[in-house]
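Coordinates in review
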There are 2 protein chains.
Amino acid sequence: MADGHLAETGGNGDAVLAGYRRSIDNIDAAIIHMLAERFRITKAVGLHKAHNALPPADPGREEAQIARLRALAASADLDPEFGEKFLRFIIDEVIRHHERARGA
Amino acid sequence: MADGHLAETGGNGDAVLAGYRRSIDNIDAAIIHMLAERFRITKAVGLHKAHNALPPADPGREEAQIARLRALAASADLDPEFGEKFLRFIIDEVIRHHERARGA
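Some thoughts on the nonpolar core
Among the nonpolar cores identified, the biggest contains 50 residues, and L35(A), F86(A), L35(B) and F86(B) are the most heavily contacted of them. For this core, the elements supplying multiple residues, two or more each, are α1 (15-51), α2 (59-75) and α3 (80-103) of chain A together with α1 (15-51), α2 (59-75) and α3 (80-103) of chain B. In contact with L35(A), other than residues within four places in its own chain, are F86(A), I90(A), I31(B), F82(B) and F86(B).

In structure tokens, the structure reads:
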């Protein structure tokens, strides 16, 4: 556990399962760090919009993002619905960040 | 748009905003493809468990994943709650995949 990884073997000592889990843990760490960078950028976007009196929401941009993520999901052999759900999940968190920033 | 990116400038022609959006779009594409790889692995995990008569759920593993993602989120300056929410969002999709696989 010294390197932040979970058990070397599955609860049942299955080495194949442990290998899969190690890959999943690596991917999860990579995604969390990419999300952290994404939120850093949306924070900068919020400040930039506030400083330049730009409207906070841009429905055209969101529509284009949804269409793009649906297509990307399909090309990666994922359900396009999942691509859209993922974007909405992230956007909800961005809105929470902006609300918290306004409250601060 | 030829490279799959969205508009070069924001709807209002703001180059700074357009640059931020281009970074966000790159990150989103990277995350979608990492998620696609993650789901490929959980699919293999499902098959491996089925072939070896291993139990589908492992509450200890999930608890360890939650604790790890909360800590990773905090270290990346994200809300630990978000780390946990993210994992639950992904696990819900994994369950949907497994249900669909069983139905097929």
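Back to the text.
Examining α2(A)
The end-to-end C-alpha distance of α2(A) is 24 Å, a good match for the 24 Å that 17 residues give at a rise of 1.5 Å each. Among the residues making up α2(A), those that are buried are R61(A), Q65(A), I66(A), R68(A), L69(A), L72(A) and A73(A). On its buried face, α2(A) sits against α1 and α3 of chain A together with α1 of chain B. Just downstream of α2(A), D77(A) is the residue with a positive phi angle, here 70°.

A short note on the relation of the copies chain A and chain B
The operation relating chain A to chain B is a screw motion whose rotation component is 180°, with 0.0 Å of axial translation and a residual RMSD of 0.0 Å. A rotation of that kind, with that shift, is consistent with a two-fold axis. Ranked by how close their C-alpha atoms come to the rotation axis, the residues of chain A are headed by I31(A), at 3.0 Å. Interface overlap between copies is the fraction of interface residues in one copy that are interface residues in the other; for chain A against chain B it reaches 100%, indicating a shared surface.

Considerations on unusual backbone geometry
All names here are of chain A. Residues other than glycine seldom take positive phi values, yet D77 does so here, at roughly 70°. Position of D77 relative to the elements: it lies in the loop between α2 and α3. For D77, a relative accessible area of 72% corresponds to the exposed category.

How each quantity is defined
Residues numbered from 1 in each chain as written. Chains lettered and ligands numbered in written order. Predicted model: local features only at pLDDT ≥ 70, side-chain atom pairs only at ≥ 80, totals over all residues. Heavy atoms only, no water. Core = buried A, V, L, I, M, F, W, Y, C linked by side-chain atoms within 4.5 Å. Buried < 20%, exposed > 50% of the residue type's maximum accessible area, 1.4 Å probe, protein only. Helix = DSSP H or I, 4+ residues; strand = E, 2+ residues; numbered from the N terminus. Contact = heavy atoms within 4.5 Å. Expected span 1.5 Å × (residues − 1). Least-squares fit on C-alpha atoms with pLDDT ≥ 70 in both.

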